[in-house]
Amino acid sequence: MTMLETLMKKRNNEELTSNEIETMIQDFTAGKIPDYQISAFLMATYFTGMTIPELTNLTMAMMHSGDVLDLSTIEGIKVDKHSTGGVGDKVSLPLAPMLAALGIKVPMISGRGLGHTGGTLDKLEAIPGYQVEISEDEFKAQIDKVGTAIIGATGNIAPADKKMYALRDVTATVDSIPLIAASIMSKKLATGNNALVLDVKTGSGAFMKEQDQAEALAQIMVKIGKEAGMQMQAVISDMNQPLGNKIGNTLEIEETLDTLKGQGPKDLLEVTLTLAAPMVVMAQKADDEVTAREMLMRTIEDGSALVKFGEMITAQGGDNRVLGNYNLMPHAKFEVELTAPRNGYLSRLDADAVGIASMQLGGGRTKKDDVLDYGVGITLHKKLGDAVTEGESLMTIATEKEDITEIMDYLQEHLVVGDAVKVPTLIHKIIK
Ligand code: URA
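Model, not experiment: these values are computed from the prediction.

(A) The overall build of the protein, seen in detail. On a plain count of helices and strands, the protein comes out with 16 helices and 13 strands. For a compact globule of 432 residues, the expected C-alpha radius of gyration is about 22 Å, and the protein comes in at 22 Å, within 12% of that figure. Expressed as a percentage of the 432 residues in the protein, the buried residues total 57%. Within the protein, contacts between residues separated by at least 24 positions form 78% of all contacts whose residues are at least 6 apart in sequence. By element, 49% of the accessible surface of the protein is carried by carbon and sulfur atoms, the whole surface being about 17500 Å². Here the protein holds 41 positive side-chain charges and 60 negative ones, and the gap between their average locations is 2 Å.

(B) Looking closely at the packing of aromatic side chains. On inspection of all chains with the given rule, the structure shows one aromatic pair. A centroid spacing of 5.3 Å and a plane angle of 75° characterise the contact between Tyr 46 and Phe 47, whose relative ring orientation is edge-to-face. On the basis of relative accessibility, which here comes to 66%, the residue Phe 47 falls in the exposed class. The ring of Phe 28 has Lys 163 lying over it, and the distance from NZ or CZ to the ring centre is 4.7 Å.

(C) Quick look at unusual backbone geometry. A positive phi angle is found at Asn 13, which is not glycine, with a value near 65°. Within the fold, Asn 13 resides in the loop between helix 1 (3-11) and helix 2 (18-29). The phi angle at Ala 172 is positive, at roughly 55°, despite the residue not being glycine.

(D) Examining the sheet that holds strand 5 (residues 231-238) more closely. Within the open sheet, the four strands sit side by side as 1-4-5-13. Their pairing is mixed. The strands lining the two open edges of the sheet, one partner per strand, are strand 1 (79-83) and strand 13 (427-431). Within the sheet, the average angular offset between the axes of one strand and its neighbour, ignoring direction, is 15°. Relative to strand 5, strand 4 (residues 195-202) is paired through eight bridges, and the arrangement is parallel. Residue Val 197 lies in a different strand from strand 5, and its bridge partner there is Gln 233.

(E) Structural context of the environment of Ile 356. One can find Ile 356 in helix 15 (residues 351-363). Judged by relative accessible area, Ile 356 falls into the partly exposed class, the value being 23%. On a C-alpha basis, the gap between Ile 356 and Ile 38 in space is 32 Å, while along the polypeptide they are 318 residues apart. Those residues in contact with Ile 356 that lie beyond four places of it in its chain are His 116 and Tyr 410.

(F) Representation of the UniProt feature "domain: Pyrimidine nucleoside phosphorylase C-terminal" (unreviewed entry) in the protein in the model. When the UniProt feature table is mapped onto this chain, "domain: Pyrimidine nucleoside phosphorylase C-terminal" (unreviewed entry) is found at residues 345-418. Annotated as 30% helix and 30% strand, the span residues 345-418 places its first and last C-alpha atoms 5 Å apart.

(G) Fine view of the site of the ligand. If you check the shell around the ligand, you find Tyr 165, Arg 168, Ile 180, Ser 183, Ile 184, Lys 187 and Phe 207 and nothing else. Between the ligand and the protein, one listed contact pairs an oxygen atom with a side-chain N or O atom of Arg 168 at 2.9 Å. A distance of 2.5 Å separates an oxygen atom of the ligand from a polar side-chain atom of Lys 187. For the ligand, whose accessible area on its own is 240 Å², the fraction buried by protein is 83%. Every element with two or more residues in the shell around the ligand is listed here: helix 8 (159-170) and helix 9 (177-189). A total of four residues in the shell around the ligand trace back to one element, the largest contributor, which is helix 9. A breakdown of the residues in the shell around the ligand according to their chemical character gives four nonpolar, one polar and two charged.

(H) Broad picture of a negative patch on the surface. Together, Glu 402, Asp 403, Glu 406, Asp 409 and Glu 413 line one region of the surface with negative charge. With respect to the helices and strands, the residue Asp 409 is situated in helix 16 (residues 405-413).

(I) Region of the structure containing the sheet that holds strand 11 (residues 393-399). Spatially, the four strands line up as an open sheet ordered 6-9-11-7, and their pairing is antiparallel. Strands with a single pairing partner mark the edges of an open sheet, and in this sheet they are strand 6 (246-247) and strand 7 (334-339). Relative to strand 9 (residues 377-380), strand 6 runs antiparallel, the two sharing two bridges. By the bridge assignment, Ile 247 is partnered in strand 9 with Ile 378.

Rules used throughout
- Residues numbered from 1 in each chain as written.
- Predicted model: local features only at pLDDT ≥ 70, side-chain atom pairs only at ≥ 80, totals over all residues.
- Heavy atoms only, no water.
- Helix = DSSP H or I, 4+ residues; strand = E, 2+ residues; numbered from the N terminus.
- Rg over C-alpha atoms; globule rule 2.2 N^0.38 Å.
- Buried < 20%, exposed > 50% of the residue type's maximum accessible area, 1.4 Å probe, protein only.
- Contact = heavy atoms within 4.5 Å.
- Areas by Shrake-Rupley, 256 points an atom, 1.4 Å probe, with all protein chains shown as cover.
- Lys, Arg positive; Asp, Glu negative; His and termini not counted.
- Charge placed at Lys NZ, Arg CZ, Asp CG, Glu CD.
- Phe/Tyr/Trp six-rings, centres within 6.5 Å; stacked < 30°, edge-to-face > 60°.
- Lys NZ or Arg CZ within 6 Å of the ring centre and 35° of its normal.
- Pairing = 2+ DSSP bridges.
- Axes fitted to C-alpha atoms, helices over the stretch in contact; angles between N-to-C directions.
- UniProt positions renumbered as here; feature names shortened; annotations may be inferred.
- Near = heavy atom within 4 Å.
- Polar contact = N/O pair within 3.5 Å; in protein donor to acceptor, adjacent residues only side chain to side chain.
- Nonpolar A, V, L, I, M, F, W, Y, C, P; charged D, E, K, R; others polar.
- Patch = residues over 30% accessible without salt bridge, like charges linked within 9 Å, V, L, I, M, F, W, Y side chains within 5 Å.
- Salt bridge = Lys/Arg side-chain N within 4 Å of Asp/Glu carboxyl O.

Right under this line is the structure:
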(Lines give C-alpha, C1' and ligand atoms only; values in the text may rest on other atoms or scores of the structure.)
Protein backbone atom coordinates (compact mmCIF):
# COMPACT_ATOMS: atom_id res chain seq x y z
CA MET A 1 0.00 0.00 0.00
CA THR A 2 1.30 3.45 -0.86
CA MET A 3 1.32 6.32 1.64
CA LEU A 4 -1.43 7.94 -0.44
CA GLU A 5 -3.64 4.86 0.02
CA THR A 6 -2.86 4.78 3.76
CA LEU A 7 -3.88 8.42 3.97
CA MET A 8 -7.14 7.79 2.12
CA LYS A 9 -7.98 4.97 4.51
CA LYS A 10 -7.24 7.13 7.53
CA ARG A 11 -9.21 10.03 6.10
CA ASN A 12 -12.20 7.69 5.55
CA ASN A 13 -11.98 6.53 9.18
CA GLU A 14 -11.04 2.95 8.27
CA GLU A 15 -8.77 1.03 10.63
CA LEU A 16 -5.13 0.80 9.52
CA THR A 17 -3.43 -2.58 9.75
CA SER A 18 -0.25 -3.13 11.77
CA ASN A 19 1.63 -3.58 8.50
CA GLU A 20 0.44 -0.24 7.14
CA ILE A 21 1.40 1.54 10.33
CA GLU A 22 4.81 -0.13 10.59
CA THR A 23 5.64 0.65 6.97
CA MET A 24 4.62 4.27 7.41
CA ILE A 25 6.73 4.74 10.55
CA GLN A 26 9.76 2.91 9.15
CA ASP A 27 9.66 4.90 5.91
CA PHE A 28 9.09 8.17 7.77
CA THR A 29 12.07 7.51 10.07
CA ALA A 30 14.21 6.67 7.04
CA GLY A 31 13.24 9.97 5.40
CA LYS A 32 11.27 8.28 2.60
CA ILE A 33 7.95 9.98 3.33
CA PRO A 34 7.68 13.73 2.87
CA ASP A 35 6.65 15.85 5.84
CA TYR A 36 3.43 16.93 4.09
CA GLN A 37 2.13 13.38 3.95
CA ILE A 38 2.89 12.68 7.62
CA SER A 39 1.34 16.04 8.46
CA ALA A 40 -1.82 14.95 6.64
CA PHE A 41 -1.76 11.70 8.63
CA LEU A 42 -1.43 13.66 11.87
CA MET A 43 -4.33 15.95 11.05
CA ALA A 44 -6.54 13.02 9.95
CA THR A 45 -5.68 11.28 13.24
CA TYR A 46 -6.45 14.44 15.15
CA PHE A 47 -10.00 14.38 13.76
CA THR A 48 -10.75 10.66 13.43
CA GLY A 49 -8.83 9.35 16.48
CA MET A 50 -7.42 5.84 16.62
CA THR A 51 -8.67 2.43 17.65
CA ILE A 52 -6.75 0.70 20.45
CA PRO A 53 -5.13 -1.81 18.01
CA GLU A 54 -4.06 1.09 15.76
CA LEU A 55 -2.69 3.00 18.69
CA THR A 56 -0.81 0.01 20.08
CA ASN A 57 0.68 -0.65 16.65
CA LEU A 58 1.66 3.00 16.22
CA THR A 59 3.30 3.06 19.66
CA MET A 60 5.22 -0.18 19.02
CA ALA A 61 6.35 1.01 15.58
CA MET A 62 7.58 4.30 17.07
CA MET A 63 9.34 2.46 19.89
CA HIS A 64 11.12 0.19 17.39
CA SER A 65 12.15 3.14 15.21
CA GLY A 66 15.31 3.44 17.35
CA ASP A 67 17.22 1.79 20.19
CA VAL A 68 15.38 -0.31 22.74
CA LEU A 69 17.29 -0.74 25.98
CA ASP A 70 17.80 -4.29 27.16
CA LEU A 71 17.81 -4.25 30.96
CA SER A 72 17.37 -8.02 31.25
CA THR A 73 20.89 -8.42 32.65
CA ILE A 74 19.77 -6.45 35.73
CA GLU A 75 18.11 -8.76 38.21
CA GLY A 76 14.64 -8.01 39.54
CA ILE A 77 11.59 -6.07 38.45
CA LYS A 78 12.53 -2.69 37.01
CA VAL A 79 10.03 0.06 37.82
CA ASP A 80 9.66 3.51 36.30
CA LYS A 81 7.55 6.61 36.76
CA HIS A 82 6.57 9.30 34.29
CA SER A 83 4.85 12.63 34.77
CA THR A 84 3.17 14.62 32.03
CA GLY A 85 4.85 17.64 33.60
CA GLY A 86 3.99 20.31 36.08
CA VAL A 87 5.31 23.33 37.93
CA GLY A 88 7.38 22.42 41.00
CA ASP A 89 6.96 18.75 40.08
CA LYS A 90 10.17 17.20 41.41
CA VAL A 91 8.58 13.91 42.48
CA SER A 92 11.07 11.67 40.63
CA LEU A 93 13.89 13.06 42.77
CA PRO A 94 12.70 11.85 46.20
CA LEU A 95 10.81 8.87 44.74
CA ALA A 96 13.76 7.11 43.08
CA PRO A 97 16.02 6.97 46.17
CA MET A 98 13.12 6.03 48.46
CA LEU A 99 12.37 3.02 46.24
CA ALA A 100 16.05 2.16 45.80
CA ALA A 101 16.45 2.18 49.59
CA LEU A 102 13.92 -0.67 49.62
CA GLY A 103 16.07 -2.66 47.21
CA ILE A 104 13.93 -1.82 44.17
CA LYS A 105 15.54 -1.19 40.78
CA VAL A 106 14.58 2.22 39.38
CA PRO A 107 16.21 3.04 36.04
CA MET A 108 14.99 6.48 35.01
CA ILE A 109 15.46 8.25 31.71
CA SER A 110 14.31 11.82 32.15
CA GLY A 111 14.05 14.97 30.13
CA ARG A 112 14.98 18.62 30.17
CA GLY A 113 12.48 21.39 30.63
CA LEU A 114 11.09 23.41 27.79
CA GLY A 115 8.47 26.03 28.56
CA HIS A 116 6.97 26.57 31.98
CA THR A 117 7.45 23.06 33.42
CA GLY A 118 10.90 22.16 34.70
CA GLY A 119 13.00 19.18 33.65
CA THR A 120 14.41 16.65 36.11
CA LEU A 121 17.80 16.67 34.37
CA ASP A 122 18.13 20.45 34.70
CA LYS A 123 17.40 20.22 38.40
CA LEU A 124 20.02 17.53 38.92
CA GLU A 125 22.57 19.63 37.06
CA ALA A 126 22.29 22.23 39.82
CA ILE A 127 24.38 19.75 41.83
CA PRO A 128 28.05 20.48 41.04
CA GLY A 129 29.56 17.76 38.88
CA TYR A 130 26.37 15.71 38.33
CA GLN A 131 26.55 13.98 34.95
CA VAL A 132 23.26 13.17 33.24
CA GLU A 133 24.94 11.79 30.14
CA ILE A 134 26.43 8.41 30.93
CA SER A 135 26.82 5.36 28.70
CA GLU A 136 24.33 2.52 28.62
CA ASP A 137 26.87 0.22 30.31
CA GLU A 138 27.52 2.74 33.08
CA PHE A 139 23.76 3.18 33.51
CA LYS A 140 23.23 -0.56 33.93
CA ALA A 141 26.21 -0.91 36.28
CA GLN A 142 24.85 1.90 38.45
CA ILE A 143 21.37 0.34 38.61
CA ASP A 144 23.02 -2.90 39.75
CA LYS A 145 25.15 -1.19 42.37
CA VAL A 146 23.06 1.73 43.66
CA GLY A 147 19.58 0.67 42.56
CA THR A 148 18.78 3.87 40.72
CA ALA A 149 20.15 6.29 38.14
CA ILE A 150 18.48 9.32 36.60
CA ILE A 151 19.97 10.13 33.22
CA GLY A 152 19.21 11.68 29.83
CA ALA A 153 18.27 9.48 26.89
CA THR A 154 21.15 7.25 25.81
CA GLY A 155 21.54 6.60 22.10
CA ASN A 156 18.68 6.97 19.76
CA ILE A 157 15.37 6.50 21.60
CA ALA A 158 12.21 6.64 19.43
CA PRO A 159 13.53 8.91 16.64
CA ALA A 160 10.15 8.66 14.88
CA ASP A 161 8.65 10.48 17.86
CA LYS A 162 11.23 13.25 17.67
CA LYS A 163 10.47 13.85 13.97
CA MET A 164 6.74 13.52 14.45
CA TYR A 165 6.66 15.84 17.46
CA ALA A 166 8.44 18.54 15.45
CA LEU A 167 5.70 18.29 12.82
CA ARG A 168 2.90 18.21 15.41
CA ASP A 169 4.31 21.37 16.87
CA VAL A 170 3.82 23.28 13.60
CA THR A 171 0.60 21.64 12.40
CA ALA A 172 -1.60 22.25 15.47
CA THR A 173 -1.75 18.53 16.25
CA VAL A 174 0.07 18.40 19.60
CA ASP A 175 -3.06 18.17 21.73
CA SER A 176 -4.38 14.93 20.29
CA ILE A 177 -4.84 12.27 22.97
CA PRO A 178 -3.83 9.29 20.78
CA LEU A 179 -0.77 11.14 19.46
CA ILE A 180 0.32 12.19 22.96
CA ALA A 181 -0.22 8.65 24.26
CA ALA A 182 1.84 7.07 21.46
CA SER A 183 4.56 9.68 21.90
CA ILE A 184 4.96 9.16 25.65
CA MET A 185 4.51 5.39 25.65
CA SER A 186 6.88 4.72 22.71
CA LYS A 187 9.69 6.35 24.71
CA LYS A 188 8.73 4.66 27.98
CA LEU A 189 8.52 1.19 26.38
CA ALA A 190 11.93 1.72 24.76
CA THR A 191 13.55 2.03 28.20
CA GLY A 192 13.05 -1.68 28.85
CA ASN A 193 11.31 -1.43 32.24
CA ASN A 194 8.73 -3.92 33.56
CA ALA A 195 6.38 -1.59 35.40
CA LEU A 196 5.32 2.02 34.98
CA VAL A 197 3.31 4.42 37.10
CA LEU A 198 2.08 7.53 35.29
CA ASP A 199 1.36 10.86 36.92
CA VAL A 200 -1.06 12.62 34.60
CA LYS A 201 -1.44 16.21 35.75
CA THR A 202 -4.58 18.26 35.34
CA GLY A 203 -5.28 21.94 35.97
CA SER A 204 -4.06 25.36 34.91
CA GLY A 205 -0.37 24.42 34.92
CA ALA A 206 -0.84 21.08 33.16
CA PHE A 207 -0.77 20.00 29.57
CA MET A 208 -4.28 18.56 30.08
CA LYS A 209 -6.27 21.43 31.57
CA GLU A 210 -9.50 19.43 31.96
CA GLN A 211 -9.77 16.40 34.20
CA ASP A 212 -11.80 14.33 31.71
CA GLN A 213 -9.07 14.84 29.10
CA ALA A 214 -6.39 13.82 31.61
CA GLU A 215 -8.38 10.72 32.46
CA ALA A 216 -8.89 9.79 28.83
CA LEU A 217 -5.13 10.12 28.23
CA ALA A 218 -4.31 8.09 31.34
CA GLN A 219 -6.77 5.30 30.44
CA ILE A 220 -5.33 4.98 26.97
CA MET A 221 -1.69 4.94 28.13
CA VAL A 222 -2.48 2.29 30.75
CA LYS A 223 -4.10 0.18 28.00
CA ILE A 224 -1.14 0.55 25.63
CA GLY A 225 1.34 -0.36 28.38
CA LYS A 226 -0.64 -3.43 29.43
CA GLU A 227 -0.94 -4.56 25.80
CA ALA A 228 2.86 -4.35 25.63
CA GLY A 229 3.18 -6.51 28.77
CA MET A 230 4.01 -3.81 31.31
CA GLN A 231 2.46 -3.54 34.77
CA MET A 232 0.68 -0.19 34.67
CA GLN A 233 -1.11 2.30 36.86
CA ALA A 234 -1.93 5.98 36.45
CA VAL A 235 -2.62 8.73 38.96
CA ILE A 236 -4.51 11.89 38.01
CA SER A 237 -3.04 14.62 40.21
CA ASP A 238 -3.72 18.31 40.55
CA MET A 239 -1.71 21.04 38.87
CA ASN A 240 -3.85 24.12 39.52
CA GLN A 241 -1.15 25.42 41.85
CA PRO A 242 2.54 24.43 41.93
CA LEU A 243 3.51 21.22 43.71
CA GLY A 244 5.58 21.85 46.83
CA ASN A 245 6.86 25.30 47.74
CA LYS A 246 9.97 25.70 45.62
CA ILE A 247 10.22 26.27 41.88
CA GLY A 248 13.65 26.55 40.24
CA ASN A 249 16.56 24.17 39.79
CA THR A 250 18.69 24.57 42.94
CA LEU A 251 15.55 25.33 44.94
CA GLU A 252 13.93 22.06 43.86
CA ILE A 253 17.00 20.04 44.86
CA GLU A 254 16.85 21.78 48.25
CA GLU A 255 13.19 20.79 48.61
CA THR A 256 14.00 17.23 47.57
CA LEU A 257 16.66 17.02 50.27
CA ASP A 258 14.26 18.53 52.82
CA THR A 259 11.70 15.88 51.86
CA LEU A 260 14.22 13.07 52.24
CA LYS A 261 15.04 14.50 55.69
CA GLY A 262 11.35 14.41 56.66
CA GLN A 263 11.03 18.19 56.47
CA GLY A 264 9.45 18.61 53.03
CA PRO A 265 6.03 20.00 52.13
CA LYS A 266 3.02 17.74 52.67
CA ASP A 267 1.65 17.88 49.13
CA LEU A 268 4.96 16.82 47.58
CA LEU A 269 5.25 13.91 50.01
CA GLU A 270 1.66 12.84 49.36
CA VAL A 271 2.07 12.74 45.57
CA THR A 272 5.40 10.94 45.97
CA LEU A 273 3.86 8.27 48.23
CA THR A 274 0.80 7.89 45.99
CA LEU A 275 3.02 7.18 43.01
CA ALA A 276 5.70 5.15 44.80
CA ALA A 277 3.41 2.82 46.80
CA PRO A 278 2.06 0.95 43.75
CA MET A 279 5.63 0.70 42.45
CA VAL A 280 6.64 -1.12 45.66
CA VAL A 281 3.75 -3.56 45.11
CA MET A 282 4.59 -4.00 41.41
CA ALA A 283 8.19 -4.77 42.39
CA GLN A 284 6.78 -7.45 44.74
CA LYS A 285 8.32 -5.93 47.85
CA ALA A 286 4.92 -5.45 49.56
CA ASP A 287 1.52 -7.13 49.24
CA ASP A 288 -0.51 -3.97 49.46
CA GLU A 289 -0.13 -0.20 49.18
CA VAL A 290 -0.76 0.48 52.88
CA THR A 291 2.26 -1.62 53.80
CA ALA A 292 4.20 -0.07 50.93
CA ARG A 293 3.54 3.44 52.24
CA GLU A 294 4.79 2.47 55.69
CA MET A 295 7.95 1.00 54.18
CA LEU A 296 8.50 4.16 52.12
CA MET A 297 8.04 6.42 55.14
CA ARG A 298 10.58 4.34 57.01
CA THR A 299 13.21 5.11 54.34
CA ILE A 300 12.82 8.77 55.28
CA GLU A 301 12.70 8.20 59.02
CA ASP A 302 15.81 5.99 59.11
CA GLY A 303 17.73 8.20 56.66
CA SER A 304 18.27 5.40 54.12
CA ALA A 305 16.58 7.29 51.26
CA LEU A 306 18.84 10.32 51.83
CA VAL A 307 21.89 8.05 51.86
CA LYS A 308 20.68 6.52 48.54
CA PHE A 309 20.30 9.95 46.99
CA GLY A 310 23.87 10.69 48.04
CA GLU A 311 25.06 7.41 46.51
CA MET A 312 23.33 8.26 43.24
CA ILE A 313 24.94 11.72 43.19
CA THR A 314 28.40 10.25 43.82
CA ALA A 315 27.94 7.51 41.20
CA GLN A 316 27.09 10.17 38.61
CA GLY A 317 30.07 12.36 39.44
CA GLY A 318 28.26 14.88 41.64
CA ASP A 319 29.35 16.45 44.91
CA ASN A 320 27.31 14.68 47.59
CA ARG A 321 28.31 17.24 50.21
CA VAL A 322 25.23 19.16 48.96
CA LEU A 323 23.23 16.82 51.21
CA GLY A 324 24.42 18.83 54.19
CA ASN A 325 25.44 22.08 52.56
CA TYR A 326 22.97 23.66 50.15
CA ASN A 327 25.37 26.58 49.61
CA LEU A 328 27.45 24.36 47.34
CA MET A 329 24.75 24.78 44.69
CA PRO A 330 24.34 28.01 42.68
CA HIS A 331 22.18 30.67 44.32
CA ALA A 332 20.88 33.92 42.84
CA LYS A 333 22.32 37.32 43.74
CA PHE A 334 19.07 39.00 44.84
CA GLU A 335 15.92 38.08 46.70
CA VAL A 336 12.71 40.07 46.30
CA GLU A 337 9.52 39.58 48.33
CA LEU A 338 6.08 39.68 46.77
CA THR A 339 3.66 40.73 49.49
CA ALA A 340 -0.08 40.40 50.09
CA PRO A 341 -2.07 43.48 49.00
CA ARG A 342 -4.73 42.92 51.70
CA ASN A 343 -5.91 40.59 54.44
CA GLY A 344 -7.72 37.48 53.26
CA TYR A 345 -7.04 34.04 51.83
CA LEU A 346 -4.87 33.13 48.89
CA SER A 347 -7.61 32.17 46.44
CA ARG A 348 -5.71 32.03 43.15
CA LEU A 349 -2.11 31.00 42.47
CA ASP A 350 -1.88 29.89 38.85
CA ALA A 351 0.67 27.15 38.45
CA ASP A 352 1.42 28.09 34.85
CA ALA A 353 2.02 31.74 35.78
CA VAL A 354 4.50 30.76 38.50
CA GLY A 355 6.21 28.41 36.00
CA ILE A 356 6.38 31.14 33.35
CA ALA A 357 7.75 33.65 35.89
CA SER A 358 10.45 31.17 36.94
CA MET A 359 11.30 30.63 33.27
CA GLN A 360 11.53 34.39 32.68
CA LEU A 361 13.89 34.70 35.63
CA GLY A 362 16.18 32.33 33.71
CA GLY A 363 15.29 29.07 35.47
CA GLY A 364 13.68 27.53 32.39
CA ARG A 365 14.00 27.59 28.63
CA THR A 366 11.97 29.39 26.02
CA LYS A 367 14.22 27.92 23.30
CA LYS A 368 15.96 24.54 23.27
CA ASP A 369 19.49 25.95 23.59
CA ASP A 370 18.83 28.61 26.25
CA VAL A 371 21.41 28.57 29.09
CA LEU A 372 19.88 28.28 32.56
CA ASP A 373 20.48 30.24 35.76
CA TYR A 374 20.31 27.38 38.24
CA GLY A 375 20.00 29.58 41.31
CA VAL A 376 16.93 31.59 40.33
CA GLY A 377 13.34 30.69 41.15
CA ILE A 378 10.42 31.17 43.47
CA THR A 379 9.80 30.05 47.04
CA LEU A 380 6.12 30.07 47.97
CA HIS A 381 5.26 30.94 51.54
CA LYS A 382 1.52 30.59 51.00
CA LYS A 383 -0.55 28.09 49.06
CA LEU A 384 -4.21 28.12 48.02
CA GLY A 385 -6.56 28.55 50.96
CA ASP A 386 -3.92 29.91 53.36
CA ALA A 387 -4.85 32.97 55.41
CA VAL A 388 -2.66 36.01 54.70
CA THR A 389 -2.30 39.45 56.20
CA GLU A 390 -1.61 42.65 54.29
CA GLY A 391 2.10 43.17 53.68
CA GLU A 392 3.02 39.56 54.49
CA SER A 393 5.35 37.86 51.99
CA LEU A 394 3.51 35.47 49.66
CA MET A 395 6.65 34.40 47.87
CA THR A 396 10.37 35.10 47.64
CA ILE A 397 11.77 35.57 44.17
CA ALA A 398 15.43 34.67 43.71
CA THR A 399 16.86 36.60 40.77
CA GLU A 400 20.07 37.57 39.04
CA LYS A 401 18.43 40.77 37.74
CA GLU A 402 18.02 43.75 39.99
CA ASP A 403 14.90 45.02 38.24
CA ILE A 404 12.15 42.42 37.86
CA THR A 405 9.18 44.81 37.88
CA GLU A 406 7.59 43.15 34.84
CA ILE A 407 7.82 39.67 36.37
CA MET A 408 6.43 40.94 39.68
CA ASP A 409 3.51 42.61 37.85
CA TYR A 410 2.86 39.44 35.92
CA LEU A 411 2.77 37.37 39.12
CA GLN A 412 0.50 39.90 40.84
CA GLU A 413 -1.95 39.57 37.95
CA HIS A 414 -2.11 35.80 38.38
CA LEU A 415 -2.69 35.59 42.09
CA VAL A 416 -5.63 36.76 44.11
CA VAL A 417 -6.02 37.39 47.82
CA GLY A 418 -9.74 37.08 48.37
CA ASP A 419 -12.23 35.19 50.44
CA ALA A 420 -11.81 31.61 51.58
CA VAL A 421 -11.54 29.21 48.66
CA LYS A 422 -12.04 25.49 48.24
CA VAL A 423 -8.57 23.98 47.94
CA PRO A 424 -8.39 21.63 44.93
CA THR A 425 -8.13 17.93 45.70
CA LEU A 426 -4.53 16.79 45.28
CA ILE A 427 -5.18 13.28 43.98
CA HIS A 428 -8.17 13.19 41.66
CA LYS A 429 -8.22 9.59 40.57
CA ILE A 430 -6.28 6.32 40.31
CA ILE A 431 -6.55 4.37 37.07
CA LYS A 432 -5.50 0.72 37.02
N1 URA B 1 5.09 14.65 26.15
C2 URA B 1 5.55 13.83 25.18
O3 URA B 1 6.55 13.16 25.34
N4 URA B 1 4.86 13.78 24.03
C5 URA B 1 3.74 14.48 23.81
O6 URA B 1 3.16 14.37 22.75
C7 URA B 1 3.29 15.33 24.82
C8 URA B 1 3.98 15.39 25.99
